[in-house]
Amino acid sequence: MTVHNLYLFDRNGVCLHYSEWHRKKQAGIPKEEEYKLMYGMLFSIRSFVSKMSPLDMKDGFLAFQTSRYKLHYYETPTGIKVVMNTDLGVGPIRDVLHHIYSALYVELVVKNPLCPLGQTVQSELFRSRLDSYIRSLPFFSARAG
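Residues numbered from 1 in each chain as written. Predicted model: local features only at pLDDT ≥ 70, side-chain atom pairs only at ≥ 80, totals over all residues. Heavy atoms only, no water.

J.: Can you walk me through the overall build of the protein in this structure?
T.: Regarding its fold elements, the protein presents 3 helices and 5 strands. Along the protein, helices (α) and strands (β) appear in the sequence β-β-α-β-β-β-α-α when read from the amino end. The C-alpha radius of gyration of the protein comes to 15 Å, within 12% of the 15 Å expected for a compact globule of 145 residues. Overall, the protein is about 45 × 35 × 30 Å in size when its C-alpha atoms are taken along their principal axes. Looking at the protein alone, contacts between residues at least 24 apart form 50% of all its contacts between residues at least 6 apart. For the protein, the distance from the average site of its 18 positive side-chain charges to the average site of its 13 negative ones is 3 Å. (Helix = DSSP H or I, 4+ residues; strand = E, 2+ residues; numbered from the N terminus. Rg over C-alpha atoms; globule rule 2.2 N^0.38 Å. Contact = heavy atoms within 4.5 Å. Lys, Arg positive; Asp, Glu negative; His and termini not counted. Charge placed at Lys NZ, Arg CZ, Asp CG, Glu CD.)

Here is the structure:
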């Protein structure tokens, strides 16, 4: 099992942070274009799920999977979106995504007066703590690839 990559978007679709660990195939387009495509897909899936669900979806869209990877999604009340792509063997990780938001992003970026909100995260402390946290997860494999 492994983690491929992670996106952090604000409510307007700005990619605040992107990291990758075991991504085997690149998109073949500029990163900015990839961010727009990912955010657009998330927006469309959320809309589709909310309209087509036969039940009231209090949690909404949480994840989807293809034959190759699983996309995990967490959205905060403030509109921050945390997206992690993993392999298919990883189960629900809502608590992991919540931890990334609350313990890392809020504590190291939002509460830091030197980090302007709504812009790409420049904090090296945030990046290193995020990387350490991801590498400490039980489903992160250093041998993937």
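More follows now that the structure is in view.
J.: Explanation requested: the layout of surface pockets in the structure shown.
T.: Regions of empty space are outlined by a rolling probe, equal in size to a water molecule, passed over the atoms. Here the largest pocket defines a volume of roughly 540 Å³. The wall of the largest pocket is formed by 18 residues, among which Asn 5, Arg 23, Lys 25, Tyr 69 and Asn 85 lie closest to the centre. Those elements that place two or more of their residues in the lining of the largest pocket are strand 1 (3-9) and helix 1 (31-52). Here the lining of the largest pocket takes 4 residues from helix 1, the largest share from any one element. The residue inventory of the lining of the largest pocket, partitioned by class, reads 8 nonpolar, 5 polar and 5 charged. (1 Å grid on protein atoms, 1.4 Å probe; cavity = no way out; pocket = protein on both sides within 12 Å on 5 of 7 lines; lining within 4 Å. Points joined across faces, edges and corners; volume = space filled by probe spheres on them. Nonpolar A, V, L, I, M, F, W, Y, C, P; charged D, E, K, R; others polar.)

J.: Please explain the pattern of salt bridges as it appears in this structure.
T.: Scanning the entire structure with this criterion turns up 7 salt bridges. With a closest N to O distance of 3.1 Å, Arg 127 and Glu 124 form a salt bridge. Here the residue Arg 127 and the residue Glu 124 both occupy positions in helix 3 (residues 124-136), the gap between them amounting to 3 residues, near one helical turn. Glu 124 sits in the exposed class, given a relative accessible area of 52%. Residues joined in a network through salt bridges with shared partners are Glu 20, Lys 31 and Glu 34. (Salt bridge = Lys/Arg side-chain N within 4 Å of Asp/Glu carboxyl O. Buried < 20%, exposed > 50% of the residue type's maximum accessible area, 1.4 Å probe, protein only.)

J.: Can you walk me through the packing of aromatic side chains in this structure?
T.: Working definition: an aromatic ring pair is given by the centre-to-centre distance plus the angle between the planes. Across all of its chains, the model carries 8 aromatic pairs by this definition. Ring centres of Tyr 7 and Tyr 35 lie 6.2 Å apart, and the angle between their planes is 85°; on these two criteria the pair is classed as edge-to-face. Within this pair, whereas Tyr 7 is found in strand 1, its partner Tyr 35 is found in helix 1, the two being separated by 28 residues in sequence. A relative accessible area of 2% means that Tyr 7 is categorised as buried. An aromatic cluster is present here, built from Tyr 7, Phe 9, Tyr 18, Tyr 35 and Tyr 39 joined pairwise through their rings. (Phe/Tyr/Trp six-rings, centres within 6.5 Å; stacked < 30°, edge-to-face > 60°.)

J.: Can you walk me through helix 2 (residues 94-110) in this structure?
T.: Residue pairs spaced three or four apart in an α-helix point in one direction, given the helix's 3.6 residues per turn. Here helix 2 spans only 21 Å end to end across 17 residues, well under the 24 Å set by a 1.5 Å rise per residue. Helix geometry: helix 2 is bent most strongly at Leu 104, by close to 30°. Among the residues of helix 2, Val 96, Leu 97, Ile 100, Tyr 101, Leu 104, Tyr 105, Val 106, Leu 108 and Val 109 are the ones counted as buried. On its buried face, helix 2 is in contact with strand 1, strand 2 (15-20), strand 4 (70-75), strand 5 (81-86) and helix 3. (Expected span 1.5 Å × (residues − 1). Bend = angle between axes of the 7 residues up to and from the residue.)

J.: Can you walk me through the environment of Ser 141 in this structure?
T.: Assignment of secondary structure puts Ser 141 in the segment after helix 3. Residue Ser 141 is classed as buried on the basis of its relative accessible area, which comes to 16%. For the pair Ser 141 and Val 3, spaced 138 residues apart in the sequence, the C-alpha separation amounts to 7.7 Å. In this structure Ser 141 touches Met 1, Thr 2 and His 22, once residues within four positions along its chain are discounted.

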